[in-house]
Amino acid sequence: MRLLHTSDWHLGRSFHRVPLLDAQSAYLDHLVATVREREVDAVLVAGDVYDRAVPPLTAVELFDRALHRLAAEGVPTVMISGNHDSARRLGVGAGLFERAGIHLRTDPENCATPVVLADDHGDVAFYGLPYLEPALVKDALGAAKAGHEAVLTAAMDRVRADLATRPAGTRSVVLAHAFVAGGEPSDSERDITVGGVAAVPAGVFDGVDYAALGHLHGSQRVTARVRYSGSPLAYSFSEADHRKTMWLIDLDGDGDIAAEERIDCPVERPLARLRGRLDTLLEDPALDRHEHAWVEATLTDPVRPADPMARLTRRFPHTLSLVFDPERPPDDPGATYAQRLKGRDDHQIAEDFVAHVRGGSGPNDLERTVLRAAFDDVRVDGTVREVSR
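Residues numbered from 1 in each chain as written. Predicted model: local features only at pLDDT ≥ 70, side-chain atom pairs only at ≥ 80, totals over all residues. Heavy atoms only, no water.

1. Quick notes on the overall build of the protein
Piece 1. For the protein, the helix and strand inventory stands at 11 helices and 19 strands.
Piece 2. For the protein, the residues scored as buried account for 50% of the 389 residues in total.
Piece 3. Total accessible area on the protein stands at roughly 18500 Å², and carbon and sulfur atoms take up 51% of it.
Piece 4. Put simply, the protein has 44 plus and 61 minus side-chain charges, and the middle of one group is 3 Å from the middle of the other. (Helix = DSSP H or I, 4+ residues; strand = E, 2+ residues; numbered from the N terminus. Buried < 20%, exposed > 50% of the residue type's maximum accessible area, 1.4 Å probe, protein only. Areas by Shrake-Rupley, 256 points an atom, 1.4 Å probe, with all protein chains shown as cover. Lys, Arg positive; Asp, Glu negative; His and termini not counted. Charge placed at Lys NZ, Arg CZ, Asp CG, Glu CD.)

This is the structure:
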């Protein structure tokens, strides 16, 4: 059975205030063409269909057109909700869509109810695990505690229990939206840390033939059977070196990966991260190849130059981001607040604040636990508020 694994469309997202709807539309054209030309048997969409819980109408219309076109191809599509989606909104009409071969899996309690497709070798059971917010699904799944590993383990236990009741030789595919240990993140994924832990071990997915993951935006293998497709477009300059692709996977009669291929996605405009003094960036002939790219320029001049953006855009008209990182010693008292905080997460900043107001003594273990719980509560509350709007 030939599978096309994709995820993280983030329909409705912009890139540094530049709308991406045309680029997203071109990607969906490419997706449908690939389904047709490569004789795909099933399309897998591993979450974050939209960029936010209440997407703009233009994004909804683009999604609607994509569903109609996939249904018209007669190729089944299995789709789950991600942490950016509203599971309840995305799941509206799921029963009706099912009749057209579009299988939306957005309810965590139904994670062990597979979509069963057949080929010449028998059945393949597709299990959809939507994004599992630990605090919201712990009780429904009977998880031991409210953590990512605990809720995913509980969901996968249900999957394995259902699979055990199926005819011998039934192959299995799981779609999940999670941060699996060994995956390489970028700057554009929303933080899903709970209790200081964001990643779960790949062993959670033991017992299935293929795990089609979403959430991380870089296409990558965690193991031979556990993979991220990555996002089809770059959504931050940290993805400048990404090769944006979809996985084309051939699953043989024994559930082994008989063939694999990365299908490149169309690139509307490449990204470039340039660093150096302004005069160097304006004069270096080696940078000619970036003149038509979206550019993030980091200026290292010790003194901020005059009119840097205006001067940069004369050579690089698509400059979107300008960062100042003057050449200074790391302990320079003149370093900006932003520079001192670079690379530190919210919890580390809070601990530094406690140490500052106490004159150097940081929080003890109990206080760290309280701080982490507070940050977790705020994040979960924000998720609930967004989804319930």
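2. A few points about the pattern of salt bridges
Piece 1. Under the defined criterion, the tally for this structure stands at 22 salt bridges.
Piece 2. The closest approach of N and O atoms between Arg2 and Asp250, which form a salt bridge, is 2.8 Å. Taken together, the residues span a long stretch of sequence, with Arg2 in strand 1 (residues 2-6) and Asp250 in strand 15 (residues 245-251) at a distance of 248 residues.
Piece 3. For Arg2, a relative accessible area of 23% corresponds to the partly exposed category.
Piece 4. Arg315 serves as the salt-bridge partner of Glu291, at 3.0 Å between the closest nitrogen and oxygen. With a gap of 24 residues between them, Glu291 in the loop between helix 7 (278-283) and strand 18 (294-299) and Arg315 in helix 8 (residues 308-315) connect regions that are remote in the sequence.
Piece 5. The class for Arg315 is buried, based on a relative accessible area of 13%. (Salt bridge = Lys/Arg side-chain N within 4 Å of Asp/Glu carboxyl O.)

3. Digging into the side chain of Asn83
Piece 1. By secondary structure assignment, the location of Asn83 is in the loop between strand 5 (77-80) and helix 3 (87-90).
Piece 2. Of the polar contacts made by the side chain of Asn83, one reaches the side chain of His215; its length is 3.4 Å. (Polar contact = N/O pair within 3.5 Å; in protein donor to acceptor, adjacent residues only side chain to side chain.)

4. Things to note about the nonpolar core
Piece 1. Core analysis: the largest hydrophobic core is formed by 40 residues, its most contacted members being Trp9, Leu11, Tyr27, Leu28, Val49, Phe63 and Met79.
Piece 2. When residues of this core are traced back to their parent elements, those giving at least two are helix 1 (21-37), strand 4 (42-46), helix 2 (57-73), strand 6 (102-105) and strand 15.
Piece 3. Formed jointly, this core draws a minimum of three residues from each of two domains, domain 1 (2-264) and domain 2 (270-327).
Piece 4. Residue contacts for Leu11: discarding those within four places in its chain leaves Gln24, Leu28, Val49, Tyr50, Asp51, Ala59, Leu62 and Phe63.
Piece 5. Counting 35 residues, the second largest nonpolar core, distinct from the first, contains Leu132, Val137, Phe179 and Val200. (Core = buried A, V, L, I, M, F, W, Y, C linked by side-chain atoms within 4.5 Å. Domains from an automatic or database assignment. Contact = heavy atoms within 4.5 Å.)

5. A few points about the pairing of strand 9 (residues 171-177)
Piece 1. Taken across its 7 residues, strand 9 has 7 buried, putting it largely inside the fold.
Piece 2. Because side chains alternate across strand 9, one face comprises the buried residues Arg171, Val173, Leu175 and His177, and the other comprises Ser172, Val174 and Ala176, equally buried.
Piece 3. Relative to strand 9, strand 8 (residues 122-129) is paired through 6 bridges, and the arrangement is parallel. From the neighbouring strand, Ala125 faces strand 9, where its bridge partner is Ser172.
Piece 4. Across 5 bridges, strand 9 lies against strand 12 (residues 210-214) in parallel orientation. Opposite Leu175, over in strand 12, you have Ala212 as the bridge partner. (Pairing = 2+ DSSP bridges.)

6. Let's talk about the sheet that holds strand 4
Piece 1. Strand order in the open sheet formed by 6 strands is 6-5-4-1-15-16, and the pairing between neighbours is mixed. Sheet topology places strand 6 and strand 16 (257-264) at the edges, where each strand pairs with a single neighbour. Along the sheet, successive strands turn relative to each other by an average axial angle of 20°, direction set aside.
Piece 2. Summarising the sheet, strand 1 and strand 15 pair through 4 bridges and their orientation is antiparallel. (Axes fitted to C-alpha atoms, helices over the stretch in contact; angles between N-to-C directions.)

7. Thoughts on the side chain of Ser321
Piece 1. For Ser321, the position within the fold is in strand 19 (residues 319-324).
Piece 2. Residues contacting Ser321, with those up to four places away along its chain left out, are His16, Phe237, Val295, Glu296 and Ala297.

8. As for the UniProt feature "domain: Calcineurin-like phosphoesterase" (unreviewed entry) in the protein
Piece 1. Within this numbering scheme, the UniProt entry marks residues 1-217 as carrying the feature "domain: Calcineurin-like phosphoesterase" (unreviewed entry).
Piece 2. What you have in residues 1-217 is 31% helix and 24% strand, and the ends, taken at the C-alpha atoms, are 25 Å apart. (UniProt positions renumbered as here; feature names shortened; annotations may be inferred.)

9. Here we look at unusual backbone geometry
Piece 1. Of note in the backbone geometry, Asp8 takes a positive phi value of approximately 55° without being a glycine.
Piece 2. A positive phi angle is found at His16, which is not glycine, with a value near 50°.
Piece 3. Here His16 shows up in the loop between strand 2 (14-15) and strand 3 (18-19).
Piece 4. For His16, a relative accessible area of 32% gives the class partly exposed.

10. Regarding the environment of Phe15
Piece 1. The residue Phe15 is located in strand 2 in this model.
Piece 2. We classify Phe15 as buried; its relative accessible area is 2%.
Piece 3. Taking the C-alpha atoms as reference, Phe15 lies 26 Å from Arg69; in sequence the two are 54 residues apart.
Piece 4. Leaving out residues up to four positions away in the same chain, Phe15 has contacts with Leu20, Ala234, Tyr235, Ser236, Phe237, Leu271, Trp294 and Leu320.

11. Some details on helix 6 (residues 148-164)
Helical geometry: 3.6 residues make up each α-helical turn, so side chains three or four residues apart lie on a common side.
Piece 1. Between its first and last C-alpha, helix 6 extends 24 Å over 17 residues, near the 24 Å set by a 1.5 Å rise per residue.
Piece 2. Residues His148, Ala150, Val151, Leu152, Ala154, Ala155, Met156, Val159, Asp162 and Leu163 constitute the buried set of helix 6.
Piece 3. Those residues of helix 6 that are buried are in contact with strand 8, helix 5 (134-141), strand 9 and strand 11 (199-200). (Expected span 1.5 Å × (residues − 1).)

12. Remarks on the pairing of strand 15
Piece 1. Counting buried residues in strand 15 gives 7 out of 7 residues, a clear majority hidden from the surface.
Piece 2. Along strand 15, one buried face is formed by Thr245, Trp247, Ile249 and Leu251 and the opposite face, lined by Met246, Leu248 and Asp250, is buried too.
Piece 3. Examined bridge by bridge, strand 15 and strand 16 share 7 bridges and lie antiparallel to one another. Paired with Met246 across the bridge in strand 16 is Ile263.
Piece 4. Hairpin connection, strand 15 to strand 16: the antiparallel pair is bridged by 5 residues, and Gly255 has positive phi, about 85°.

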